[in-house]
Amino acid sequence: MTFQAKDFRTAEHEIADLFLNRWSPRAYADKPVADDVLNRLFEAARWAPSSGNNQPWRFIVAKTEADREKFHPILMEGNLVWAKNAPVLVLVVSDNTKGSNEFDAGTAWGFLSLQAAKEGLVTHPMSGIYKDVAKEALNIPENFDVQLAIAIGYKGEKEMLSPELQDRETPSGRRPLEEIVFEGSFK
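Residues numbered from 1 in each chain as written. Predicted model: local features only at pLDDT ≥ 70, side-chain atom pairs only at ≥ 80, totals over all residues. Heavy atoms only, no water.

Quick notes on the overall build of the protein chain
Now for step 1: When its secondary structure is counted, the protein chain shows eight helices and four strands.
Now for step 2: Traced from its N-terminal end to its C-terminal end, the protein chain shows the element sequence α-α-β-α-α-β-α-β-α-β-α-α.
Now for step 3: Against the 2.2 N^0.38 benchmark of 16 Å for 187 residues, the protein chain shows a C-alpha radius of gyration of 17 Å, consistent with a compact globule.
Now for step 4: C-alpha atoms of the protein chain, sized along the principal axes, occupy 45 × 45 × 30 Å.
Now for step 5: A separation threshold of at least 6 residues defines the contact pool for the protein chain, and within that pool the share at least 24 residues apart is 77%.
Now for step 6: Total accessible area on the protein chain stands at roughly 10,800 Å², and carbon and sulfur atoms take up 51% of it.
Now for step 7: Each charge class in the protein chain can be summarised by its mean position, and for the 22 positive and 28 negative side chains these summaries are 2 Å apart. (Helix = DSSP H or I, 4+ residues; strand = E, 2+ residues; numbered from the N terminus. Rg over C-alpha atoms; globule rule 2.2 N^0.38 Å. Contact = heavy atoms within 4.5 Å. Areas by Shrake-Rupley, 256 points an atom, 1.4 Å probe, with all protein chains shown as cover. Lys, Arg positive; Asp, Glu negative; His and termini not counted. Charge placed at Lys NZ, Arg CZ, Asp CG, Glu CD.)

Have a look at this one:
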């Protein structure tokens, strides 16, 4: 039987399984992601809505071993220890001259992550990165902000990870709606 994150999660209201199955593991299989599959992820991100249709997001992709090694100094140690095994690493940057660039880049990342789940891939966003190192190492212009890094690949076995990371390799739940949705004013 194939692992299903939805088996560990319960929605309060009926939603598509795609939302429950999307999760962020740390164990990645030693299996490359085909270019056509990867291109579908970025195509989904391309169609994300943005304020004023500015589309401020950009993705810097590392699929080869040499390119992934360029990302290693960008990742903080807690992420590098597992993310170095992902077949694809991506850095999300956004044009800071456009209003709501961070919000819009987050929406594009969300679309990418859902398409990845549909493709049978797993993604893990990482804010634990050295943004200044990324800007220099990857020649990112001043008018672009570094948002986060993403590990992309096929789910691996948790036994590939250190014991302390194995304990965290179960899909997490979410806050109840009553904690995140307020009518009329913030509560």
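Now that the structure has been shown, we can carry on.
Section: the environment of Gly128
Now for step 1: Checked against the element boundaries, Gly128 lands in the loop between strand E3 (122–126) and helix H6 (131–137).
Now for step 2: In this structure, the C-alpha to C-alpha distance between Gly128 and Glu12, residues 116 residues apart in sequence, is 31 Å.
Now for step 3: Setting aside anything within four residues of it in sequence, one finds Gly128 in contact with Ile74, Leu75, Met76 and Asn79.

Digging into the pairing of strand E4 (residues 144–153)
Now for step 1: The buried count for E4 comes to nine of 10 residues, which makes it a mostly enclosed element.
Now for step 2: Two strands pair when backbone bridges link them, and strand E2 (residues 88–95) and E4 are joined in this way by eight bridges, in the antiparallel orientation. Bridging across to E4, Val90 finds its partner in Ile150.
Now for step 3: Here five bridges tie E3 to E4, and the two strands are oriented antiparallel to one another. If you follow Met126 over to E4, its bridge partner there is Ala149. (Buried < 20%, exposed > 50% of the residue type's maximum accessible area, 1.4 Å probe, protein only. Pairing = 2+ DSSP bridges.)

A word on the sheet that holds strand E1 (residues 57–62)
Now for step 1: Pairing in this open sheet of four strands is antiparallel, and the strands run E1-E2-E4-E3 from one edge to the other. Edge positions in the sheet fall to E1 and E3, since each has one partner strand and no second. Across the sheet, the mean angle separating the axes of adjacent strands is 25° when strand polarity is ignored.
Now for step 2: Taken strand by strand, helix H2 (residues 35–46) contacts E1, E2 and E4, and its axis lies near 170° from that of E1.
Now for step 3: Against the sheet, helix H5 (residues 101–118) touches E1, E2, E3 and E4, its axis set at about 10° to E4. (Axes fitted to C-alpha atoms, helices over the stretch in contact; angles between N-to-C directions.)

Description of a nonpolar patch on the surface
Now for step 1: Residues Met76, Tyr130 and Val133 make up a contiguous nonpolar surface patch of about 220 Å² in total accessible area.
Now for step 2: Along the chain, Tyr130 falls in the loop between E3 and H6. (Patch = residues over 30% accessible without salt bridge, like charges linked within 9 Å, V, L, I, M, F, W, Y side chains within 5 Å. Salt bridge = Lys/Arg side-chain N within 4 Å of Asp/Glu carboxyl O.)

Concerning the packing of aromatic side chains
Now for step 1: Going through the model one piece at a time under the given rule, you end up with three aromatic pairs.
Now for step 2: Judged by centre distance (6.3 Å) and plane angle (10°), the ring pair of Tyr28 and Trp82 falls under stacked. You can see Tyr28 sitting in the loop between helix H1 (17–21) and H2 and its partner Trp82 sitting in helix H4 (residues 77–83), a full 54 residues away along the chain.
Now for step 3: Accessibility expressed as a relative area gives 1% for Trp82, which makes it buried.
Now for step 4: Between Phe42 and Phe59, the aromatic rings sit 5.3 Å apart at their centres with planes inclined by 55°, giving tilted as the arrangement. Here Phe42, found in helix H2, pairs with Phe59, found in strand E1; they are 17 residues apart in sequence, far enough to count as distant.
Now for step 5: The exposure class of Phe42 is buried, given its relative accessible area of 16%.
Now for step 6: Lying across the ring of Tyr154, Lys31 places its NZ or CZ 4.1 Å from the centre. (Phe/Tyr/Trp six-rings, centres within 6.5 Å; stacked < 30°, edge-to-face > 60°. Lys NZ or Arg CZ within 6 Å of the ring centre and 35° of its normal.)

Some details on the UniProt feature "domain: Nitroreductase" (unreviewed entry) in the protein chain
Now for step 1: In this numbering, the UniProt entry assigns the feature "domain: Nitroreductase" (unreviewed entry) to residues 21–79.
Now for step 2: Annotated as residues 21–79, this span is 39% helix and 10% strand, and its ends, taken at the C-alpha atoms, are 22 Å apart. (UniProt positions renumbered as here; feature names shortened; annotations may be inferred.)

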